[in-house]
Amino acid sequence: MGDTTDGSSNAAQSARDGQNKGQRGFFGRLMAALGPTNTADKNSEAQTGQAAPATDVRGMLNLRRMSLEDVAVPKAEIVAVPEDIKKDDLVQLFRKTGLTRIPVYKETLDTPVGLVHLKDFALKHGFNGAGGRFSLKKLLRPLLFAPPSMPIGVLLQKMQADRIHMALVIDEYGGVDGLVTLEDLVEQVIGEIEDEHDLEEDQFWIKEGPGCYLAQARTPLEEFEAEIGHRLVDEDEEEEIDTLGGLVFLLSGHVPARGEVVVHPDGPEFEVVDADPRRIKRLRVRLPDAKGD
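The residue count restarts for each chain, going from 1 along the sequence in the order it is written. Only residues with pLDDT of at least 70 are given local features in this predicted model, and only at 80 or more are side-chain atom pairs given and counted; all residues enter the totals for whole chains, interfaces and linings. Calculation of side-chain values draws on the structure's entire complement of heavy atoms; hydrogens and water are dropped beforehand.

A short note on the overall build of the protein chain
Here comes step 1: Helix and strand assignments come from DSSP, with helices taken as H or I runs of at least 4 residues and strands as E runs of at least 2, each series counted from the N terminus. Within the protein chain, the secondary structure is distributed over 11 helices and 13 strands.
Here comes step 2: Restricting the contact set of the protein chain to residue pairs at least 6 apart, pairs at least 24 apart contribute 48%.
Here comes step 3: Every accessible area reported is derived by Shrake-Rupley at a probe size of 1.4 Å, with residue values counting cover from the shown protein chains alone. Summing over all exposed atoms, the protein chain offers an accessible surface of approximately 17,200 Å²; the carbon and sulfur share of this is 49%. Residues are treated as being in contact if the distance between any of their heavy atoms lies within 4.5 Å.

Here we look at the packing of helix α8 (residues 152-162) against helix α9 (residues 182-190)
Here comes step 1: Only the stretch in contact is used when a helix axis is fitted, and all axes are lines through C-alpha atoms; the angle between N-to-C directions ranges over 0 to 180 degrees. Here α8 crosses α9 at 130°, and the two axes come no closer than 10 Å. When the axes of α8 and α9 are compared, the pair comes out oblique. For the element pair α8 and α9, the recorded crossing hand is left-handed. Contact residues: Ile152, Leu155, Leu156 and Met159 in α8; Leu182, Leu185, Val186 and Gln188 in α9.
Here comes step 2: Here the contact of α8 with α9 is built from residues that sort into 7 nonpolar, 1 polar and no charged. Working definition: roughly parallel below 35 degrees, roughly antiparallel above 145 degrees, roughly perpendicular at 65 to 115 degrees, and oblique for all remaining angles. For a crossing to be left-handed, the near helix must be turned anticlockwise from the far one by less than a right angle; the clockwise case is right-handed. In this classification, the charged set is Asp, Glu, Lys and Arg, the nonpolar set is Ala, Val, Leu, Ile, Met, Phe, Trp, Tyr, Cys and Pro, and all remaining amino acids, among them Gly, are polar.

A look at the environment of Val255
Here comes step 1: Mapped onto the elements, Val255 comes out in the loop between α11 (244-252) and β11 (261-263).
Here comes step 2: Counting along the chain gives 20 residues from Val255 to Ala275, while the straight-line C-alpha distance between them is 8.3 Å.

Quick look at α9
Here comes step 1: The rule is simple: take the accessible area with a 1.4 Å probe, protein chains only, and divide by the maximum for that residue type; under 20% is buried, over 50% is exposed, in between is partly exposed. Along α9, 7 of the 9 residues are buried, which leaves the element largely enclosed by surrounding structure.
Here comes step 2: Of the positions making up α9, those classed as buried are Leu182, Asp184, Leu185, Val186, Glu187, Gln188 and Val189.

A few points about the pattern of salt bridges
Here comes step 1: Just to be clear on terms, a salt bridge is a Lys or Arg side-chain nitrogen sitting within 4 Å of an Asp or Glu carboxyl oxygen. Under the defined criterion, the tally for this structure stands at 6 salt bridges.
Here comes step 2: Notably, a salt bridge pairs Asp162 with Lys158, separated by 3.1 Å at the nearest N-O pair. Taken as a pair, Asp162 and Lys158 lie in helix α8 at a separation of 4 residues, close to a single helical turn.
Here comes step 3: On the accessibility criterion, Asp162 (34% relative accessible area) is partly exposed.
Here comes step 4: Residues participating in the shared-partner salt-bridge network are Glu208, Glu271, Arg284 and Arg286.

Quick notes on the packing of aromatic side chains
Here comes step 1: Within 6.5 Å between ring centres, the rings of Phe, Tyr and Trp (the latter by its six-membered ring) count as paired, and their orientation is classed by plane angle as stacked under 30 degrees, edge-to-face over 60, tilted in between. Applying the stated criterion across every chain yields a total of 4 aromatic pairs.
Here comes step 2: For the pair Trp205 and Phe224, a centre-to-centre distance of 5.5 Å together with 80° between the ring planes defines the contact as edge-to-face. You can see Trp205 sitting in strand β9 (residues 205-209) and its partner Phe224 sitting in helix α10 (residues 221-228), a full 19 residues away along the chain.
Here comes step 3: Pairwise contacts between aromatic rings join Phe94, Phe121 and Phe134 into one cluster.

Section: the environment of Lys87
Here comes step 1: Here Lys87 lies in helix α5 (residues 87-97).
Here comes step 2: What makes Lys87 buried here is its relative accessible area of 19%.
Here comes step 3: Considering only alpha carbons, one finds Lys87 and His125, 38 residues apart in sequence, at a separation of 9.3 Å.

Observations regarding the sheet that holds β11
Here comes step 1: In short, DSSP must find at least two bridges between two strands for them to pair. Read from one edge of the open sheet, 5 strands run β9-β10-β13-β12-β11, paired in antiparallel fashion. The open sheet has two free edges, formed respectively by β9 and β11, since each of these has just one partner strand. Averaged over all pairs of adjacent strands, the angle between their axes in this sheet comes to 25°, without regard to strand direction.
Here comes step 2: Two strands pair when backbone bridges link them, and strand β12 (residues 269-275) and strand β13 (residues 280-286) are joined in this way by 6 bridges, in the antiparallel orientation. Looking at β13, one finds that Asp274 is bridged to Arg282.

Quick look at the structure:
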């Protein structure tokens, strides 16, 4: 019996060590990139026997040459909630945005008090917000604060050390200027991260219901027009617009923020489900004939 217990303990410890080693290995490589460039390059070459790929080098350099103001979501596009929000309203916001972390403020966004995590809310009240007395204050987690000029690698180190994955960018007057997440920072090194809500790489859209589609912004416009049986651009615009994202950009005249709805002159509505300050990523398309469904 003693041998069995020891074996189970050793196996469990080995599993934890393996997981920790994997985490240290990933963040370790990122953190090593913050040291002298030549040293990092030599170590990489010594371990692999060959020079690191150019794409990896460029990505790692972003840790030092890019600052938070280069990647932060602008203040106007931050999704946040007041500390006195009702439980049902918070549930609807989680559903609508697909976000897992949302900043919480007192009176205005310039007085943040923390963030609420979907996991904490679901563990307390379930995913539908049922049961239990609702107290947002008891669910609050801390936020990090950083200046716009901070290199993204410095904040990445602090996020790992403090185990806080969201930060507000604070301007010289103490007001909120933007927001960044751990995923935003890591994407500057390894490229865009597809999450479980993203469509498959070769899947441009899915039909969510009658006349309602969830589509990638890079969806070929001609293919989507064939799917819905409706032309979305005039003949003289066909050569200028190739994708749904391009169409929405043209209609709005700017890169729309997450949650913004852009209406086509013929009736279709394009809701921006996911976007960053530079591009649209995903759209929800609602056709006018399906609005009453």
